[in-house]
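Letter by letter, the chains look like this.
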Amino acid sequence: MSRRIGTLLVAVPGLSGTVYPVGTRVAIQGTGGSVDGFVDGDWLPLAWWEFTDVRPEDGTG
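Each residue is numbered by its place in its chain's sequence as written, counting from 1. The predicted origin of the model limits local features to residues at a pLDDT of at least 70 and limits the giving and counting of side-chain atom pairs to 80 or more, whereas totals for whole chains, interfaces and linings rest on all residues. Hydrogens and water molecules were not included; the side-chain quantities draw on all heavy atoms of the structure.

How should the overall build of the protein chain be read in this particular structure?
Here a helix means four or more residues in a row that DSSP labels H or I, a strand means two or more in a row labelled E, and each is numbered from the N terminus. Broken down by element type, the protein chain carries zero helices and seven strands. Listing every helix and strand of the protein chain by position from the N terminus yields β-β-β-β-β-β-β. Computed over C-alpha atoms, the radius of gyration of the protein chain comes to 11 Å, within 12% of the 10 Å expected from 2.2 N^0.38 for 61 residues, which places it in the range of a compact globule. C-alpha atoms of the protein chain, sized along the principal axes, occupy 30 × 25 × 20 Å. Type-normalised accessible area, obtained with a 1.4 Å probe on protein chains alone, sets the label of each residue: buried when under 20%, exposed when over 50%, and partly exposed for intermediate values. Out of the 61 residues in the protein chain, the part that is buried amounts to 36%. The globule rule used here is 2.2 Å times the number of residues to the 0.38 power, and the radius of gyration it is set against is calculated over C-alpha atoms.

Looking at this model, I keep getting lost on the packing of aromatic side chains. Mind explaining?
Two rings from Phe, Tyr or Trp (for Trp, the six-membered ring) form a pair when their centres are within 6.5 Å of each other. A pair whose planes differ by under 30 degrees is stacked, one over 60 is edge-to-face, and the rest are tilted. Under the definition given, this model contains zero aromatic pairs. Positioned above the aromatic ring of Phe-38, the side-chain terminus of Arg-3 is 4.3 Å from the ring centre. Remark: a charge is flagged as sitting over a ring if the NZ atom of Lys or the CZ atom of Arg is within 6 Å of the ring centre and within 35 degrees of the ring normal.

Can you walk me through the pairing of strand S6 (residues 42–47) in this structure?
Look at any regular strand and the pattern is simple: side chains alternate between the two faces of the sheet. In this structure, strand S5 (residues 34–39) lies alongside S6, joined through six bridges in antiparallel fashion. Across the sheet, Ser-34 pairs through a bridge with Ala-47, a residue of S6. Counting the residues that bridge the hairpin from S5 to S6 gives two residues, and of these Asp-40 lies at a positive phi of roughly 50 degrees. The criterion for strand pairing is that DSSP finds at least two bridges linking the strands in question.

I keep staring at the pattern of salt bridges and nothing clicks. Help me out?
Oppositely charged side chains are able to pair whenever their charged atoms sit close together. The salt bridge definition used is simple: a Lys or Arg side-chain nitrogen within 4 Å of an Asp or Glu carboxyl oxygen. The full count for this structure, using the stated rule, is one salt bridge. Notably, a salt bridge pairs Arg-4 with Asp-53, separated by 2.6 Å at the nearest N-O pair. One end of the pair, Arg-4, is in strand S1 (residues 3–8); the other, Asp-53, is in strand S7 (residues 51–53), with 49 residues separating them in the sequence. Using a relative accessible area of 41% as the deciding quantity, one classes Asp-53 as partly exposed.

Pasting the structure below:
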């Protein structure tokens, strides 16, 4: 399954306990109502309403 880039729409806690703020870029894997998000190896279980996909033309920077 391929990964894509997304941006958090709300603050989300990772498995490490770190809370990632709105606007954090995440690597997203999966589809549907919940997906796996990753920030520097930290896993974030994400619901569909907690992130938005970044369009390729928007870049990753």
